[in-house]
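Residue-level structural notes
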Amino acid sequence: MSSPPTAPVWPSQWQAEVMIADTRVSNNATTADYLPIGGVGNYYYDSTTSTSAFVYTIRPTGDQIREVVGNASDSYVISEGGVCKIETSSNDARFQTLPRDFLSKGKFNFIGYEYYLRANVFYETYHWSGYYPANSTLRIDYWHAVKMDAPYRLTWGTSPPIVVEFINVVDTLPTPHNAIFNVPTNCKQQIEDDSIILYDDEALSHNDDVKASPKGKAWPSQWHGSANYTGNDLGLFATPDDIIGEPTTVAISLYGTYYYDWINLRECNVWTDVKTGAPTKTLIINGTFHLVNLVTKSCKIIPTSPVNGPLNYTWPTNLPYADEEQVLSGDATHYTLTHHYMFDAFGVGQEHSFNYWEMSGSQSPVQFQGPVLDFFPYGQSMMSWSNFVPNLDGVNVDEIFWLPDDCKKIPEEEFKTLPEYPMAQ
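Computed from a predicted structure; not experimentally measured.

**Observations regarding the overall build of the chain**
Within the chain, the secondary structure is distributed over five helices and 26 strands. Across the 425 residues of the chain, 52% fall into the buried class. Long-range pairs, those at least 24 residues apart, make up 59% of the contacts in the chain between residues at least 6 apart in sequence. Within the structure as shown, the chain displays about 18,800 Å² of accessible surface, and the carbon and sulfur contribution to it stands at 51%.

This is the structure we're talking about:
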């Protein structure tokens, strides 16, 4: 079993673009499973003065906000026109600038290695969950982007959480930057009936409620939905010198529609190559993996034995529960609350675990990440789903699952060079 990675330490000064989801916006659009992104802008961090600042625009209203956070439990919010209010919350890490080494100074557990989709790219992240300071009652979850060695996501609370997504992190601050952290002398205490609701303290206060671990829901015996896929060539080109767990940052290579038909022991992905536009489809029928070029109608049987597919529709019910997480939507407009399950099936470490996310309410599939044992070093593949439909009603299944009569099994060496197979280039 592999050891958890060393907890990262932030640079002393850095900045990033951010997307913010919290109760700064009207709660009318917020549900248990749907958390809209309410603010977009920039974040600035300066550990030398224990100060940080958010400068952002509220999406629904267009209001401009600058929020300065010190090392005490106060947050100074400066809105358009220079109006300044003080928002205070005791024992709340959200209202203080976290130290560079908060992961080691607080009480945090390493959750695992997880891939997340953002702007058509999957990012490998390290995930920690816990409390800062150690005696705090507010849960913090932190994701660190592996390849970029930079903050990826930070959440406070769970009911619903405040989520900050960090993008394009730079290890410097603008010059000069004093104006970013400057607080007017006329700041007043925030009053309850302000038009801008900054934080829902009542919601945050329930984040430590003990919940029974959910059980994964069996798939419908037939379903379909939109899909995105990427992977590191299923490990075909990996060598012993490669880094275990690659890729750490990889763009979506295929998009299309996934069809699942357990009743007839088959599944199909109809794909379009993101770079070339080439159409293909991959089918698993009775444990055999087929690749069909939809232009030439040629068919290959891929040497990935044993496939043993499609997955049994009950497979999510056997996965150990890991935690509750927010997953960013493909259009980056909201987060979806999910149940996250993780299973180290091969016993070779968390970086090679199977990971599965389902919506917390409907428990419909959201994302899958898993290793491929056939080829060293357990290459990762990632697939995300949306527009879930729990049946195949109205789908032309004869066309979707059609196979040419001349499908031929090919040697592994030939498979590596197939030009019509995007995943093998």
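**Some thoughts on unusual backbone geometry**
Of note, the bond from Tyr132 into Pro133 is cis; its omega dihedral lies within 30 degrees of zero at -10°. Within the secondary structure, Pro133 sits in the loop between strand 9 (121-131) and strand 10 (140-145). Residues Thr175 and Pro176 are joined by a peptide bond in cis, for which omega reads -5°. Even without being a glycine, Asp149 presents a positive backbone phi close to 50°. Among the structural elements, Asp149 can be located in the loop between strand 10 and strand 11 (150-156). In this structure, Lys297 is a non-glycine residue whose phi angle is positive, near 65°. Note on Lys297: relative accessible area 41%, which makes it partly exposed.

**Topic: the packing of aromatic side chains**
Taken as a whole and judged by the stated rule, the model has 36 aromatic pairs. Ring centres of Trp223 and Trp385 lie 5.7 Å apart, and the angle between their planes is 80°; this geometry places the pair in the edge-to-face category. Here Trp223 is found in strand 14 (residues 222-231), whereas its partner Trp385 is found in strand 25 (residues 379-389), with 162 residues between them in sequence. Like Trp223, the residue Trp385 is buried in the burial classification. Put simply, the rings of Trp219, Trp223, Tyr258, Tyr260, Trp315, Tyr321, Tyr341, Phe354, Tyr356, Phe368, Trp385 and Phe388 touch in pairs and so form one group of aromatic residues. The residue whose ring lies beneath Arg118 is Tyr123, and the NZ or CZ to ring-centre distance is 5.1 Å. Positioned over the ring face of Trp143 is Arg153, at 5.4 Å from the centre of the ring.

**Comments concerning the confidence of the model for the chain**
Chain-level pLDDT for the chain is 78 on average; 73% of the residues reach the 70-or-more range. For residues 233-248, every residue scores under 50 in pLDDT, and the model assigns this stretch 44 contacts once sequence neighbours within four places are set aside. Under a pLDDT of 50 for its full length, residues 419-425 has, in the predicted model, 25 contacts with residues more than four places off or in other chains.

**What to know about the state of the cysteines**
Within the structure shown, the criterion is met by one disulfide. Bridging Cys299 to Cys407, the disulfide has an S-S length of 1.8 Å. Looking down the S-S bond of the Cys299 and Cys407 bridge, the torsion is 90°, so its handedness is right-handed. Taken together, the residues span a long stretch of sequence, with Cys299 in strand 20 (residues 299-301) and Cys407 in the loop between helix 4 (397-400) and strand 26 (408-409) at a distance of 108 residues. Assessed through its relative accessible area of 5%, Cys299 is described here as buried. Among the residues examined, Cys407 registers a relative accessible area of 21% and is labelled partly exposed.

**A closer look at the pattern of salt bridges**
Any two side chains of opposite charge can pair, given that their charged atoms come close. Counted by the stated rule, this structure contains five salt bridges. As a salt-bridge pair, Arg118 and Glu165 come within 3.1 Å of each other at their nearest N and O atoms. Highlighted residues: Arg118 in strand 8 (residues 107-118) and Glu165 in strand 12 (residues 162-170), separated in sequence by 47 residues. As far as the burial class goes, Arg118 and Glu165 line up, both buried. Residues Asp141 and Arg139 are paired through a salt bridge, measuring 2.5 Å at the closest nitrogen-oxygen approach.

**Some thoughts on the environment of Ser52**
Relative to the elements of secondary structure, Ser52 occurs in strand 4 (residues 51-58). Note: C-alpha distance between Ser52 and Leu98 (46 residues apart in sequence) is 8.7 Å. Here the side chain of Ser52 touches Thr97 through a polar contact of 3.0 Å, side chain to side chain.

**Remarks on the pairing of strand 21 (residues 321-328)**
Within strand 21, six of the eight residues are buried, which leaves the element mostly enclosed by the surrounding structure. Here seven bridges tie strand 21 to strand 22 (residues 334-343), and the two strands are oriented antiparallel to one another. Counterpart to Tyr321 in the pairing with strand 22 is Tyr341. What sits between the antiparallel neighbours strand 21 and strand 22 is a turn of five residues, in which Ala332 has the positive phi angle 55°.

**Structural notes on the nonpolar core**
Counting 29 residues, the largest nonpolar core has Trp10, Phe102, Leu154 and Phe166 as the members making the most contacts within it. Looking at this core, the element that brings in the most residues is strand 1 (residues 13-21), giving four residues. Core analysis: the second largest hydrophobic core is formed by 15 residues, Trp219, Trp271, Tyr341 and Tyr356 among them.

**Examining the pairing of strand 22**
Judged by how many residues are buried, strand 22 sits mostly within the fold: nine of 10 residues are covered. Of the strand pairs in this sheet, strand 2 (residues 34-36) and strand 22 are connected by three bridges, and their pairing is antiparallel. Paired with Leu35 across the strands is Tyr335, a residue of strand 22.

**With respect to the environment of Gly70**
Structurally, Gly70 is set in the loop between strand 5 (64-69) and strand 6 (74-79). In this structure the C-alpha to C-alpha distance between Gly70 and Ala53, which are 17 residues apart in sequence, comes to 8.7 Å.

Thresholds applied
- Residues numbered from 1 in each chain as written.
- Predicted model: local features only at pLDDT ≥ 70, side-chain atom pairs only at ≥ 80, totals over all residues.
- Heavy atoms only, no water.
- Helix = DSSP H or I, 4+ residues; strand = E, 2+ residues; numbered from the N terminus.
- Buried < 20%, exposed > 50% of the residue type's maximum accessible area, 1.4 Å probe, protein only.
- Contact = heavy atoms within 4.5 Å.
- Areas by Shrake-Rupley, 256 points an atom, 1.4 Å probe, with all protein chains shown as cover.
- Phe/Tyr/Trp six-rings, centres within 6.5 Å; stacked < 30°, edge-to-face > 60°.
- Lys NZ or Arg CZ within 6 Å of the ring centre and 35° of its normal.
- pLDDT = per-residue confidence, 0-100.
- Disulfide = S-S within 2.5 Å.
- Salt bridge = Lys/Arg side-chain N within 4 Å of Asp/Glu carboxyl O.
- Polar contact = N/O pair within 3.5 Å; in protein donor to acceptor, adjacent residues only side chain to side chain.
- Pairing = 2+ DSSP bridges.
- Core = buried A, V, L, I, M, F, W, Y, C linked by side-chain atoms within 4.5 Å.

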